[in-house]
Amino acid sequence: MSSEDPQPSKLGTKEHWDSVYEREIANFEETGDEGEIWFGEDSVEKMTDWVIENISPTNSPTILEIGSGNGTLLFSLVEAGYEASRLAGADYSPDAVKLSRMIAASREGCEAISFSTCDFLAEVPNKLEGQGEDGWDLLLDKGTYDAIALGEKDESGKSPVEGYPVRAASLLKKGGYFLITSCNFTEAELKERFITPETGLIYHSRIAYPTFSFGGKSGNVYSSVAFTKS
Ligand SMILES: C[S@@+](CC[C@H](N)C(=O)[O-])C[C@H]1O[C@@H](n2cnc3c(N)ncnc32)[C@H](O)[C@@H]1O
């Protein structure tokens, strides 16, 4: 892998996320605040628009968000017309799952989203009722690959994130999509990491964000790239 993994930080630890969601549950109970929208509302809107443009809700696609946090992205898909009982969120922090279920119960039409606790690097996320052997039509990641890339490396200097692309691709059905939004990796780096013979993923499309220019270079604050399984 030629692009470097970032240095480990607390954002790559389960303790960090457990304490974030413990606090967010207390806030939600006290004030009804649903918590932080990671990368802001613009990214939720743009990812939702991408889904609408590429996968019709009329086909009731199966959609899994990896590291679903407070569930904002999945709630946005329900608002856009996707069938809640075909949507799932998996997160390794039990309090994230608790918070997302509490918010789902307070939002019309969202109760049927299936949220479950799952360490994506070690476990296979729960399937939906009746899904059988089929893989998912769409996998979503908003900030989770970034968080995992900040985890401690092993003795040989290997980052925990290295196993992620193959795990993600193995959950997709043929022709299924994987849409990822990252602030730590550029589009080129995401392509380099996800398009490999082992994953069988190929580039599909990208979401355009406003660019910035600094010191003679231009770039995006976030990158959202979609891949499809060949
Ligand atoms: C940056 S937050 C993003 C949360 C959510 N996707 C959003 O956009 O609000 C990263 C999420 O990944 C979860 N996470 C980190 N490592 C994970 C792992 N190995 N398995 C499952 N979830 C993980 C964290 O608990 C956290 O909810």
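Okay, so let's go over this structure. (Residues numbered from 1 in each chain as written. Predicted model: local features only at pLDDT ≥ 70, side-chain atom pairs only at ≥ 80, totals over all residues. Heavy atoms only, no water.)

### A short note on the site of the ligand
The ligand sits among 17 residues. The nearest are Tyr21, Glu65, Gly67, Asp91 and Lys142. The contact in question runs from a nitrogen atom of the ligand to an N or O atom on the backbone of Phe120, over 2.9 Å. Relative to its unbound accessible surface of 590 Å², the ligand loses 97% to contact with the protein. When atoms are counted within 2 Å of each cavity's grid points, the one that captures over half of the ligand is the largest pocket. Elements represented by at least two residues in the shell around the ligand include exactly α1 (14-31) and α5 (144-148). Residues of the shell around the ligand, tallied by class, amount to 7 nonpolar, 6 polar and 4 charged. (Near = heavy atom within 4 Å. Polar contact = N/O pair within 3.5 Å; in protein donor to acceptor, adjacent residues only side chain to side chain. Areas by Shrake-Rupley, 256 points an atom, 1.4 Å probe, with all protein chains shown as cover. 1 Å grid on protein atoms, 1.4 Å probe; cavity = no way out; pocket = protein on both sides within 12 Å on 5 of 7 lines; lining within 4 Å. Sits in = over half its atoms within 2 Å of the grid points. Helix = DSSP H or I, 4+ residues; strand = E, 2+ residues; numbered from the N terminus. Nonpolar A, V, L, I, M, F, W, Y, C, P; charged D, E, K, R; others polar.)

### Description of the packing of helix α2 (residues 40-54) against helix α3 (residues 72-79)
Relative to each other, α2 and α3 sit at 50°, their axes nearing to 10 Å. In terms of orientation, α2 lies oblique with respect to α3. Pair α2 / α3 crosses with right-handed handedness. Residues Val44, Met47, Thr48 and Val51 of α2 form the contact with α3, whose own contacting residues are Thr72, Leu73, Ser76 and Leu77. Within the contact of α2 with α3, the residues separate by chemical class into 5 nonpolar, 3 polar and no charged. (Axes fitted to C-alpha atoms, helices over the stretch in contact; angles between N-to-C directions. Parallel < 35°, antiparallel > 145°, perpendicular 65-115°, else oblique. Left-handed = near helix turned anticlockwise from the far one by under 90°. Contact = heavy atoms within 4.5 Å.)

### Topic: the environment of Asp33
Mapped onto the elements, Asp33 comes out in the loop between α1 and α2. Separated by 50 residues in sequence, Asp33 and Glu83 place their C-alpha atoms 25 Å apart. With sequence-adjacent residues up to four places away left out, Asp33 is seen in contact with Glu24, Asn27 and Phe28.

### What to know about α3
For α3, the buried fraction is high: 7 of the 8 residues fall into the buried class. Those residues of α3 not exposed but buried are Thr72, Leu73, Leu74, Phe75, Ser76, Leu77 and Val78. Those residues of α3 that are buried are in contact with α2, β1 (63-66), β2 (87-91), α4 (94-106), β3 (114-117) and β4 (136-142). (Buried < 20%, exposed > 50% of the residue type's maximum accessible area, 1.4 Å probe, protein only.)

### A word on the pattern of salt bridges
Under the definition given, this model contains 7 salt bridges. Note that Glu34 and Arg107 form a salt bridge whose closest N and O atoms lie 2.9 Å from each other. With Glu34 in the loop between α1 and α2 and Arg107 in the loop between α4 and β3, this pair connects stretches of sequence that are 73 residues apart. Under the relative-accessibility criterion, Glu34 is labelled partly exposed at 25%. In this structure Arg107 comes out as partly exposed when scored by relative accessible area, which is 23%. A salt bridge links Glu187 to Lys191; the nearest nitrogen and oxygen atoms lie 3.1 Å apart. Of this pair, Glu187 and Lys191 both sit in helix α7 (residues 187-194), 4 residues apart, roughly one helical turn. On the accessibility criterion, Glu187 (19% relative accessible area) is buried. (Salt bridge = Lys/Arg side-chain N within 4 Å of Asp/Glu carboxyl O.)

### Focus: a negative patch on the surface
There is a patch of like negative charges on the surface, built from Glu41, Glu45, Asp49 and Glu53. Within the secondary structure, Glu45 is located in helix α2. (Patch = residues over 30% accessible without salt bridge, like charges linked within 9 Å, V, L, I, M, F, W, Y side chains within 5 Å. Lys, Arg positive; Asp, Glu negative; His and termini not counted. Charge placed at Lys NZ, Arg CZ, Asp CG, Glu CD.)

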